[in-house]
Amino acid sequence: MSQLDVFICEVGPRDGLQNAHHLMPTEAKKAWISALAAAGLREIEVGSFVPAKVIPAMADTGEVVAHAKTIAGLKVVALAPNFKGFQRALESGAHKITFPVSASHQHSVSNVRMTPDEMVAQVRQACELRLTLPAGQRPEIEGAVATAFGCTLQGEVPEDEVVRIAKLLADAGVDSVALADTVGYANPAQMKRLYRKVKDAVGAKLDGVHLHNTRGLGLANALAAYEEGARAFDSSMGGLGGCPFAPGASGNVVTEDLAFMFESMGLRTGIDFDALLRAREILVNGIPEEPVYGHFAGAGLPKGFRRAAQEGVPGKPAVAPVV
Ligand code: COA
Ligand code: ZN
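From a predicted model like this one, the values you see are computed outputs, not experimental measurements.

A.B. asks: Could you give an account of the side chain of H212, naming the residues involved and the relevant values?
C.D. replies: Here H212 lies in the loop between β7 (206–210) and α9 (218–227). On the basis of relative accessible area, H212 is assigned to the buried category, the value being 3%. A distance of 2.6 Å separates the side chain of H212 from the backbone oxygen of S250, its partner in a polar contact. Among the polar contacts made by the side chain of H212, one reaches the side chain of N252 at a distance of 3.3 Å. Leave out the neighbours within four places in its chain, and H212 touches D15, D181, T182, G184, G218, G241, G242, S250, G251, N252 and V253.

A.B. asks: How would you explain the coordination of the zinc ion (ligand 2) if you had to name every residue and give the values?
C.D. replies: Under ideal tetrahedral coordination, the four donors around a metal are separated by 109.5 degrees; under ideal octahedral coordination, the six donors are separated by 90 or 180 degrees. Around the zinc ion (ligand 2), the protein contributes the donor atoms D15 (OD), H210 (NE2) and H212 (NE2), which lie 2.0 to 2.2 Å from the metal centre. Motif for the zinc ion (ligand 2), donor spacing along one chain: D-x194-H-x1-H.

A.B. asks: Could you give an account of helix α5 (residues 105–112), with specific residues and numbers?
C.D. replies: For α5, the set of buried residues is H107, S108, N111 and V112. The buried side chains of α5 occupy one side of the element, clustering within an arc of 105° when seen end-on. Elements in contact with the buried residues of α5: β4 (96–102) and α6 (116–131). Of the residues trailing α5, R113 is marked for its positive phi of about 60°.

Cut-offs applied
- Residues numbered from 1 in each chain as written.
- Chains lettered and ligands numbered in written order.
- Predicted model: local features only at pLDDT ≥ 70, side-chain atom pairs only at ≥ 80, totals over all residues.
- Heavy atoms only, no water.
- Helix = DSSP H or I, 4+ residues; strand = E, 2+ residues; numbered from the N terminus.
- Buried < 20%, exposed > 50% of the residue type's maximum accessible area, 1.4 Å probe, protein only.
- Polar contact = N/O pair within 3.5 Å; in protein donor to acceptor, adjacent residues only side chain to side chain.
- Contact = heavy atoms within 4.5 Å.
- Donors = N, O, S within 2.8 Å, 3.2 Å for Na, K, Ca; no water.
- Arc of directions from axis to C-beta.

The following block contains the structure:
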């Protein structure tokens with residue numbers, strides 16, 4: 001496997017479909033995930049283990065995880081909203097399990113019916129359970145600090161509270177902490193300031209950001225986070241996405257545009273753009289009623305474009321990373 005400079009985790013099958021107004025049939029989900037992996041995405045959040053009556057679009061996550069696990073080299077991620085979801089994710093054999101832990105008290109109660117501290121306690125319980133499993137069966141665990149940049153219910157979310165939750169998650173034993181702009185409130189200056197503060201508190205466990213493009217600042221925020229040292233980015237194909245329990249939340253930063261930004265800077269994402277556009281067609285055919293967004297898909301590659309250098313193939317040189 002060749003080296004990558006940035007790691008894009010496609011979250012469309014989870015964040016995208018949980019907020020869609022229509023259901024994507026299970027077979028279409030499987031075909032889409034296969035196409036995403038064929039385009040070079042090595043990490044895909046394929047669904048969540050929530051009660052089917054709460055989010056019907058996630059009812060087939062077990063079957064979708066089973067399919068995704070047959071794809072060689074793919075890290076299969078699932079979201080768990082509580083300990084019960086974690087147990088179900090464990091049974092499915094997902095490689096990585098992500099907990100959304102809101103720094104906004106109001107969003108936390110609306111989303112998972114727990115306070116942030118009660119949610120941290122569930123994550124701690126999951127980390128403890130993991131320690132009892134045989135070495136080969138221990139999934140990675142991520143704590144994503146949701147509404148880290150503000151909340152449509154509560155308004156401002158104090159930065160100290162974000163740092164406190166991130167630190168609690170790191171101490172609970174998660175492998176990684178991510179900062180999530182659940183409702184698209186972040187701006188690049190805020191991103192840099194908060195990323196630095198959380199990095200000071202949890203060190204290398206902070207490895208990425210989960211961004212929404214609600215106010216058009218998704219790419220600017222991604223770049224700001226990159227400049228602070230972030231190397232892991234969540235995004236959704238076609239800019240689908242949004243949390244059903246955060247009023248006004250809309251789509252994630254667009255995978256196609258994010259990959260183009262990094263590749264055009266000479267940073268290796270591992271993504272093949274022709275194959276990525278084929279995956280987008282499969283998405284559109286799988287859920288034709290749902291609008292898709294993004295600039296790259298309409299404009300295509302610039303004339304004479306060179307991807308970042310791949311192993312054995314010279315390409316565009318990388319920008320010097322600013323860290
Ligand atoms: N998967 C399946 N069933 C679950 C479950 C899970 N993850 N968590 C709880 N349940 C079941 C319980 O077993 C119980 O079943 P019973 O009535 O047959 O006994 C029932 O649901 C209620 O359990 P409880 O623990 O009281 O849950 P709750 O009603 O307080 O709801 C959540 C908590 C987290 C399950 C719910 O708020 C939720 O699913 N939120 C969705 C969060 C989300 O995905 N947001 C978007 C991504 S960030
Ligand atoms: Zn999200």
